[in-house]
Amino acid sequence: MMSRGILMNEDLLQRAILEQEPKDKGQGIANEEGTQLDEILKLCLEFRNLSFNGIELIEGLESLQKLELLNLSDNKISVLENMETLERLTHFSIANNLLGELDIVLYLRKFKNLFNINLFGNPCSKEGDYTLFIAAFFPDLKFLDYTLLDENTKKEASIKHRYVLEEMKCEELHKQKAEKAEQRKEAEAKLHNDAFVEFLNGSDLFKCMFNDDQEADKLHRVPEITDLLLTFEKQMGDLCEQVFETGLAEHKRRDKEVNCFFTGQNETVIEYQQKALHILANFEQQHKERTVDMRKISDRELLKVQINQCNDEINQLCKGLMTLEFQMVSQLEDITKRLDINISEMVGYFTEMVQGIFAQCRDLEDDYNGKVRVSALALLDDASKDNLDEFLPDDVRILFTDKETVMDALATGHDNHLMKINDRETQLVSRANSWKVALIKGIQDKDLKENRMRIKDLHRYMDHLLVQLEEFQ
């Protein structure tokens, strides 16, 4: 959140959270390793000793996705905006601000869980239709300015504003359908991108090959060459569709393999965690009984024997848990190796398949170029005899008066077309291989980090037990 006088950055948010009640969840979080904004449920930025009453613009709340209560009272806010991520919001107070018109408040209709709104002290709250307006356009709201909205008020409000409500509901429904369509489109684009075959289910590659080729454009207006081009486009489209369908099918196979891996990995971790918890439970029960007995011992020599035995048991516990940890790490490494092998085979098969199809694309380009050259030479011969079709455009007729220009254009176009095919093939293969490397490395790095954390926690626990034992010495 930002204002001209106050910059509402993360430091100020942390300070605001620390100002809240000690029992507030944010207080505990902030005291540990800084504020984890995505865990905050309550945020109060009303006027207090921190002088929050200078806030004019709502911004910077994107990370507060779990926020349920937001208090922005006693500020200088005139517009409701930039709150889209606060989907869990149930209580919103913006009393004593500068909201001038009731229509501004309609922004809050997107929050379906709103239970209580406080708009008291804003200019809009002084309008004669204030209560009925809010009751009509927020039918699920229970409290307005901390006053219960009874059923009679809601009924009267819905009757008074029924025509506007119906129109608004239609508009919102239309907007929701458009948003869902856009979401489906984005999901589809992401799927194609994840499969490395984006824009290969149409003529995009073919069109890309002929972009910015003015001489080719002239040639394509010759009927004989137009027919060759249309055939070429159809054949290229069919081959690109093969790459596209192969890509989606192979992505589905890879996705299934990866999901299966993570399921197996999770089951392995849970299995070893349960074993570790069982060992710990047995140890702690015995250790608790032993420490209780030790507190009753007055003989120093006997106590020393018991302390040594406790030390041995702690060392055995550490050894047992470390052995269990190494066994789990070894099993996880085996699972990851199998994934690496399987994914490598899948990516290898996929890239080999598409390389074969792209080779066919290059063959088609060679064939097309050869046929166009034959047609061009025939037209050049006609031009030399002044026998060109009189219906050809003037710029095309002029082109065929210069053999060198025509042949150079064909050669340059051919090279460019092959380059575009090669570039798309290289891009696809490179991205597929890079994805595989990144996937395995990411898994290995995460496993290593978690292994170190578990070992660190184990040593911390051992130190804790030894410190407790020192109390008996």
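Residues numbered from 1 in each chain as written. Predicted model: local features only at pLDDT ≥ 70, side-chain atom pairs only at ≥ 80, totals over all residues. Heavy atoms only, no water.

Caption draft 1: Focus on the sheet that holds strand 2 (residues 69-71). What the six strands build is an open sheet, ordered 1-2-3-4-5-6; its pairing is mixed. Whereas interior strands pair on both sides, the edge strands pair on one side only; in this sheet they are strand 1 (42-44) and strand 6 (147-148). As paired elements, strand 2 and strand 3 (residues 91-93) share three bridges and run parallel to each other. The residue of strand 3 that forms the bridge with leucine 70 is phenylalanine 92. (Pairing = 2+ DSSP bridges. Helix = DSSP H or I, 4+ residues; strand = E, 2+ residues; numbered from the N terminus.)

Caption draft 2: Inspection of helix 4 (residues 130-137) at higher detail. Here helix 4 lies mainly inside the structure; seven of its eight residues are buried. Those residues of helix 4 that sit buried are Tyr130, Leu132, Phe133, Ile134, Ala135, Ala136 and Phe137. Among the structural elements, helix 3 (102-105), strand 5 (143-144), helix 5 (151-160) and helix 6 (162-194) are those in contact with the buried residues of helix 4. (Buried < 20%, exposed > 50% of the residue type's maximum accessible area, 1.4 Å probe, protein only. Contact = heavy atoms within 4.5 Å.)

Caption draft 3: Examining the environment of methionine 328 more closely. Relative to the helices and strands, methionine 328 resides in helix 10 (residues 300-384). Exposure remark for methionine 328: the relative accessible area of 4% places this residue in the buried category. Each C-alpha atom of the pair methionine 328 and aspartate 217 lies 65 Å from the other, and the pair is 111 residues apart in sequence. Not counting residues within four places of it along the chain, the set of residues in contact with methionine 328 comprises Thr268, Val269, Tyr272 and Arg454.

Caption draft 4: Here's a closer look at the domain arrangement of the chain. Domain boundaries in the chain define domain 1 (7-16 + 37-183) and domain 2 (203-471). In this structure, domain 1 and domain 2 have C-alpha centres spaced 44 Å apart. (Domains from an automatic or database assignment.)

Caption draft 5: The side chain of serine 125, seen in detail. Relative to the assigned elements, serine 125 resides in the loop between strand 4 (116-118) and helix 4. Serine 125 gets classed as buried once you look at its relative accessible area, which sits at 16%. Not counting residues up to four positions away in its chain, the partners in contact with serine 125 are Leu119, Phe120 and Tyr130.

Caption draft 6: Molecular detail of the nonpolar core. Formed by 52 residues in total, the largest nonpolar core has its most connected members in Met236, Phe400 and Leu428. Put simply, the parts of the chain that give this core at least two residues each are helix 7 (204-209), helix 8 (214-219), helix 9 (223-294), helix 10, helix 11 (394-399) and helix 12 (403-470). The leading source of residues in this core is helix 10, at 16 residues. Apart from residues lying up to four places away in sequence, methionine 236 is in contact with Leu205, Phe206, Met209, Cys361, Leu364 and Ile421. (Core = buried A, V, L, I, M, F, W, Y, C linked by side-chain atoms within 4.5 Å.)

Caption draft 7: A look at the pattern of salt bridges. Evaluated as defined, the whole model comprises 16 salt bridges. A salt bridge links arginine 253 to glutamate 250; its shortest N-O distance comes to 3.0 Å. A residue pair is termed a helical-turn pair when its members lie 3 or 4 positions apart in one helix, as arginine 253 and glutamate 250 do in helix 9 at three residues. Taking the relative accessible area as the measure of exposure, arginine 253 reaches 39% and is therefore partly exposed. The exposure class of glutamate 250 is buried, given its relative accessible area of 7%. (Salt bridge = Lys/Arg side-chain N within 4 Å of Asp/Glu carboxyl O.)

Caption draft 8: Broad picture of unusual backbone geometry. Despite not being glycine, aspartate 74 shows a phi value in the positive range, around 60°. Topologically, aspartate 74 is positioned in the loop between strand 2 and strand 3. Exposure remark for aspartate 74: the relative accessible area of 30% places this residue in the partly exposed category.

Caption draft 9: Structural view of the packing of aromatic side chains. Inspection of the entire model under this criterion finds 10 aromatic pairs. Between the aromatic rings of phenylalanine 210 and phenylalanine 232, the centroid separation amounts to 6.4 Å while the plane-to-plane angle is 80°, which identifies the pairing as edge-to-face. Highlighted residues: phenylalanine 210 in the loop between helix 7 and helix 8 and phenylalanine 232 in helix 9, separated in sequence by 22 residues. Side by side, phenylalanine 210 and phenylalanine 232 carry an identical accessibility label, which is buried. Their ring planes at 65° and their centres at 5.0 Å tell us that phenylalanine 261 and phenylalanine 262 sit as a pair that is edge-to-face. On the accessibility criterion, phenylalanine 261 (5% relative accessible area) is buried. According to the relative accessible area criterion, phenylalanine 262 is partly exposed, its value standing at 35%. The residue whose ring lies beneath arginine 254 is tryptophan 435, and the NZ or CZ to ring-centre distance is 5.4 Å. Residue placement shows lysine 275 over the ring face of tyrosine 272; its charged tip is 4.8 Å from the ring centre. (Phe/Tyr/Trp six-rings, centres within 6.5 Å; stacked < 30°, edge-to-face > 60°. Lys NZ or Arg CZ within 6 Å of the ring centre and 35° of its normal.)

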